[in-house]
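# Coordinate analysis (summary)
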Amino acid sequence: MPANFTGRENDLAVLSDLRESSSRLIVVSGPAGIGKTTLVSKWLRSLSADFPDGELYVDLRGHSAGGPVGPAEALGQFLRALGATVPSAGTAELSSLWRSHIADRRMAIMLDNSFTAAQVRPLLPGDAGSLVVVTSRRRLTGLRLLGAGFHQLEALETAAGVELLTRGIGAERVARELFPARRLVALCAGVPLAVCLASARLAARPRQSVEALVDVLARDAGDGRLTALHVEGEMSVRSALDASYAVLSTETARLYRTLGLLPVTTFDVLMAAASCGESVEWAEGRLDELVEANLVEDVGPDSYRFHDLLRLHAHERAKEDDARTAREEALRRFCDWCLHTSTAAQQVLTPAQFTLPRTYAYPPALPLPFSGEVAALRWLDAHRTQLLGAVHLAARTGWHETSWMLVDALWPLFLRLRHYADWIAAHETGVESARRAGNGAAERQMLNSGAIGLSASGRIEEAAHWYTESLRAAREAGDQRDEGQALLGLGACHREAGRLVVAARYLDEAISVWEDCGYPRGTALARTTLGEVALAEGEPDKAVDLFARAHAAMVAVEDPHDAARALAFLGRAEVQAGSHAAGVAKMNEALEVFTATGAAFWQGRTLEMLGRTAAERGEEAAAAEFLGRARALFEVTSPDDARRLGGQVGLKGSVERRLDGAGPVPE
C-alpha cells in the first residue's frame, strides 16, 4: 500500500460498491492534495484480473500552468497505446476511431486531473466492457447524465493522518510525541499531501522534534504555514491550491478571496453576497462554482465552509491580490450586514426595547433571512459564532461604534438562550469599544446589559460593580432611564445575595426614578423583582399585587416576553396565596408563550415552578415530569441550574431563587 494511501480503506469500499451497482463511469473528486490519484491507482491495480486487456492512464492536466490537455491530444495517446495509427483528424473522428478500437476490449481507464465534463466526454468508450475512473478537483456533475457514479474524497481522520506520518518518520518518533503528532495532522487539515510534506520535512531533520514543527505551523497562521509545507523537488500545498485558484472566473476568485478574510468557519449565500456588495443571485452562482471546484464544501442547506488550509490559502490570495482598501471594504460590508440583520432580529424579538441609533458605512440592501420570532431567534443562534466574530473584528479594526452596536443587537440571543460565556465576553468588548468611541450612552448600555449576564451566571459581586459604574455615569449624565436600570440591577444583585431589605430599597428607588421620567416598562421590571423579594419574605399576597401590576404594564407597552415572565411569577404567587387552579393556569399560559417563541431558559424556569407546585401538593409523578423537563432545558441554557436541580425530582420547597436576569435593558 502506498504510504500516502493510509486511511482510505472505506473509500476503496465505496468505489467497489459503485462498481457493483453497475457504474462503468466513476468520478472521484476532492480538493488539491487530498489523495485522489493515489486512491484510484491503488484500486485499479487491485482489479487487474477483471480487466485482462490492461489499463490506460492519461493526465489531463486540468490545473497545470500550460492549460488542460485537449480531448484530441488525449485520444491520440490512447490510440497510440493500442498500436493504432493516429490520423490528422478532428476530435469527433478520433473519438469514433477510439471507440471502435476499444469496443471488444476489457480495460480499466483512468482520466486523471480532469478539468471539465466536456473534456471527458469524447474519451469515454461506447462499450460497457471497460471501466472509466475520472479524478478531478471539480465535481463534474455534468457527467451525471451519462450515468456516472460519484465519490467525494474527504480529509483524513486524525488516526489515519498519524499513521501516515508514522510511515514517514517512524513509529518510535511518533510514539514519543503522540499529542504533537495529532496536532500536526490537524494543522495539515487532514490533507494527505500536507501530511506527507510535513513528514518529509521531519524525515530530513531527524533531530527536530514534531512539536517544533507544530509550533512553526501554528505560529504561521497565513502564508507561512503553506510555505512551510514544502519540500524541495515536491509539489507544495500552496502551488497545488494556486493551480485550482488560477482557473476560477474573475468574480468567483474575488468571492474566494473575500470569504478567506472573514472571521468565520461557515458562511451562507447572504453573507457572501453582503461581503462582496452583490446580489443573492450573484453569490449563488459564484458559490456553485467554488463547490464544483472543491474549494468550498456545502455542509448543509445554505451552509458552506473551507477546509483549514483552503481558508489560509484564500486569505493569502486576498492579501496578495487585493488592495488594502478593498479588503477593508469587504470586512466592513460583512460587519454592517451582521449589524443590520441582527438589529432586524432584535426588533422582531424585543420590539418594546428602545435601542440607540445604528450607523452603517455600507447599508445592506438584501432580504432578511427570517420572518417571525422563532425564525429570528433561530437565525441568531445559528449565526452566533459569525456574529461574535464580527464583534471582535470590528473592535480590532477600530470600528468601535459598530462593535458595541453589534453587542447591543445580540441582546435577544443572550436574553433568551443564556450563552453566558459569550454574553460576558461580548459585553467586555462592547464596554471597551463604547469607551474608545467616546459614547457615554453606549457605555452605560453595555455596562447594564453586561451586568445582567454577570449576575445571571452567578458572578454577583462583579455585576454589582458594573451596575455601580453605570449608576455613577448615569447620574453624571442626568440620564434617568439608565439610572433606573442601574438601580434595578443593584436591587436584583442584593436580592440574589439574600439582602432583601437592601434590595427593596434599591428597587423602590428605581420605581421612583422611572415614574418621574415616565417610563412604565421600567417600573414593571422593578415590580417584577420586588415581587420576587416579597415571595422570598413569605408575603404572597403582596407579591400577587406586584406581579399583577407588572404584567398589566408589560401588556400595555406590548412586551410579550416580559409580560409572560410576570405572568409566570404571578401564577406561582397565586398558588402560594391559596388560589391553586388560577395560579397553575397562569403558569401554563406563560409556558405556552415561552415555548412558542423558543425562550428555552424561561420554559425551564416556568416548568420548575410547576414542578415545585406539584411537589407541594404531593403529586410526585407530575413533579418529576416537570422538573425533569426543566433540567433538560437548563442543560443547554444554564448548567448551574441543571446541577441545582439534579437529584431534586419531587423535592418539596420554595421555587423562589435568584432572578437570573431582570429582563431586557429598558433602553
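Residues numbered from 1 in each chain as written. Predicted model: local features only at pLDDT ≥ 70, side-chain atom pairs only at ≥ 80, totals over all residues. Heavy atoms only, no water.

## Looking at the overall build of the chain
Rules: Here a helix means four or more residues in a row that DSSP labels H or I, a strand means two or more in a row labelled E, and each is numbered from the N terminus. Each residue gets one of three labels from its accessible area relative to the maximum for its type: buried under 20%, exposed over 50%, partly exposed in between, using a 1.4 Å probe on protein chains only. Contact definition: two residues touch when any of their heavy atoms are within 4.5 Å. For accessible areas, the Shrake-Rupley method is used with a probe of radius 1.4 Å. Any residue's cover is judged against the shown protein chains and nothing else. By the counting scheme adopted, Arg and Lys are positive, Glu and Asp are negative, and His together with the chain ends is not counted. In plain terms, the charge of a residue is placed at NZ if it is Lys, CZ if Arg, CG if Asp and CD if Glu.
When helices and strands are counted, the chain shows 33 helices and eight strands. By its C-alpha atoms, the chain is 105 × 60 × 55 Å across when sized along the principal axes. Taken over 667 residues, the chain has a buried fraction of 57%. The contacts of the chain with a sequence gap of at least 6 include a subset with a gap of at least 24, amounting to 68%. For the chain, the exposed area adds up to about 25,900 Å²; of that, 50% sits on carbon and sulfur atoms. Averaging the positions of the 71 positive and the 86 negative side-chain charges in the chain gives two centres separated by 4 Å.

## Observations concerning the packing of aromatic side chains
Filter applied, for reference: Ring geometry is summarised as follows: Phe, Tyr and Trp rings, the Trp one being its six-membered ring, pair when their centres sit within 6.5 Å, and such pairs are stacked at plane angles under 30 degrees, edge-to-face over 60 and tilted between the two.
Applying the stated rule across the entire model yields 16 aromatic pairs. Measuring from centroid to centroid gives 5.8 Å for Trp514 and Tyr519, while their planes differ by 65°, and the two rings are edge-to-face. As far as burial versus exposure is concerned, Trp514 and Tyr519 are alike and both buried. Through a chain of ring-to-ring contacts, the aromatic side chains of Phe547, Phe569, Phe594, Phe601, Trp602 and Phe634 assemble into a single cluster.

## Concerning the nonpolar core
Threshold: Each nonpolar core is a collection of buried residues, namely Ala, Val, Leu, Ile, Met, Phe, Trp, Tyr and Cys, held together in the definition by side-chain atoms within 4.5 Å.
Counting residues in hydrophobic clusters, the biggest one holds 146 residues, and the most contacted among them are Tyr256, Leu259, Phe267, Leu287, Leu290 and Phe334. Sort the elements by how many residues they give to this core and helix H17 (residues 324-349) lands first, with ten residues. Excluding residues within four positions of it along the chain, Phe334 makes contact with Leu262, Pro263, Val264, Met271, Ser275, Gln386, Ala390 and Leu393.

## Looking at the sheet that holds strand S3 (residues 108-114)
To keep things clear, this is the line we draw: Strands are treated as partners if at least two bridges between them are detected by DSSP. Only the stretch in contact is used when a helix axis is fitted, and all axes are lines through C-alpha atoms; the angle between N-to-C directions ranges over 0 to 180 degrees.
A sheet is described by the order of its strands in space; here five strands give the open sequence S2-S3-S4-S1-S5, paired in parallel fashion. Unpaired on one side and paired on the other, strand S2 (55-59) and strand S5 (149-152) mark the two borders of the sheet. Within this sheet the neighbouring strands show an average axis-to-axis angle of 15°, counted without direction. On top of the sheet, helix H2 (residues 36-46) reaches strand S1 (25-29), S2, S3 and strand S4 (131-136); it is set at about 165° to S4, its chief contact. Across the sheet, helix H3 (residues 71-81) is in contact with S2 and S3; its angle to S2 comes to roughly 150°.

## Brief notes about helix H19 (residues 384-397)
This is how the line gets drawn: By this rule the span expected of a helix is its residue count minus one, scaled by 1.5 Å.
The first and last C-alpha atoms of H19 sit 20 Å apart over 14 residues, in line with the 20 Å expected at 1.5 Å per residue. Among all positions of H19, only Gln386, Leu387, Leu388, Gly389, Ala390, Val391, Leu393 and Ala394 are buried. Directly after H19, the chain includes Gly398, whose backbone phi takes a positive value near 95°.

## Some thoughts on helix H16 (residues 308-321)
Spanning 14 residues, H16 covers 20 Å between terminal C-alpha atoms, matching the ideal 20 Å at 1.5 Å per step. Considered for burial, the residues of H16 that qualify are Leu309, Leu310, Arg311, Leu312, His313, Ala314, Glu316, Arg317 and Ala318.

## Notes on the packing of helix H22 (residues 420-437) against helix H23 (residues 440-456)
Rule in force here: Any angle that is under 35 degrees is reported as roughly parallel, and any over 145 degrees as roughly antiparallel; angles of 65 to 115 degrees are reported as roughly perpendicular and all others as oblique. The sense of a crossing depends on the near helix, which, turned anticlockwise from the far helix by less than a right angle, makes the crossing left-handed and, turned clockwise, makes it right-handed.
Axis separation between H22 and H23 bottoms out at 9 Å; the angle between their running directions is 160°. Put simply, H22 runs roughly antiparallel to H23. As for the relative orientation of H22 and H23, their crossing is left-handed in sense. For the pair H22 and H23, the contacting residues are Tyr420, Trp423, Ile424, His427, Gly430, Val431, Ala434 and Arg435 in the first and Ala442, Glu443, Met446, Leu447, Ser449, Gly450, Ile452, Gly453, Leu454 and Ala456 in the second.

## Focus: the pairing of S3
Within S3, seven of the seven residues are buried, which leaves it mostly tucked inside the rest of the structure. In this sheet, S4 lies alongside S3 in parallel orientation, the contact comprising five bridges. Paired with Ala108 across the bridge in S4 is Leu131.

## Observations regarding the environment of Cys517
Within the secondary structure layout, Cys517 lies in helix H26 (residues 500-517). On the basis of relative accessibility, which here comes to 27%, the residue Cys517 falls in the partly exposed class. Along the backbone, Cys517 and Gln480 are 37 residues apart, and their C-alpha atoms lie at a distance of 6.7 Å. With residues near it in sequence (within four places) discarded, Cys517 still touches Gln480 and Arg481.

## Digging into the pairing of S2
In S2, alternate side chains face the same way, and those of Leu56 and Val58 are buried while those of Glu55, Tyr57 and Asp59 on the opposite face are not. Relative to S3, S2 is paired through five bridges, and the arrangement is parallel. Residue pairing across strands places Tyr57 opposite Met110, the latter belonging to S3.

## Notes on the side chain of Glu483
Checked against the element boundaries, Glu483 lands in helix H25 (residues 480-496). For Glu483, a relative accessible area of 13% gives the class buried. Glu483 has contacts with Leu471, Ala474, Arg475 and Val513, leaving out every residue within four places of it along the chain.

## Quick notes on the environment of Ala477
Inspection of the secondary structure assignment puts Ala477 in helix H24 (residues 460-477). Each C-alpha atom of the pair Ala477 and Gly440 lies 8.1 Å from the other, and the pair is 37 residues apart in sequence.

## Side note on the pattern of salt bridges
Between side chains of opposite charge, pairing is possible as soon as their charged atoms come close. Rules: The term salt bridge refers to a side-chain nitrogen of Lys or Arg lying within 4 Å of a carboxyl oxygen of Asp or Glu.
On inspection of all chains with the given rule, the structure shows 36 salt bridges. Across the salt bridge formed by Arg254 and Glu251, the nearest N and O atoms sit 3.1 Å from each other. Of this pair, Arg254 and Glu251 are both found in helix H13 (residues 250-261), three residues apart, which corresponds to roughly one turn of the helix. The residue Glu320 makes a salt bridge to Arg317 at a minimum N-O spacing of 3.5 Å. Taken together, the positions of Glu320 and Arg317, both in helix H16 and three residues apart, correspond to about one turn of that helix. You can call Arg317 buried: its relative accessible area is 12%. Three or more residues joined by partner-sharing salt bridges are found here, namely Arg521, Asp559, Asp562 and Arg565.

## With respect to a negative patch on the surface
What counts, and what does not: Residues enter patches when they are more than 30% accessible in relative terms and free of salt bridges; like-charged ones are connected within 9 Å and nonpolar ones (Val, Leu, Ile, Met, Phe, Trp, Tyr) within 5 Å.
A contiguous patch of negative charge, built from Glu281, Glu284, Asp288 and Asp302, is present on the exposed surface. With respect to the helices and strands, the residue Asp288 is situated in helix H15 (residues 280-292).

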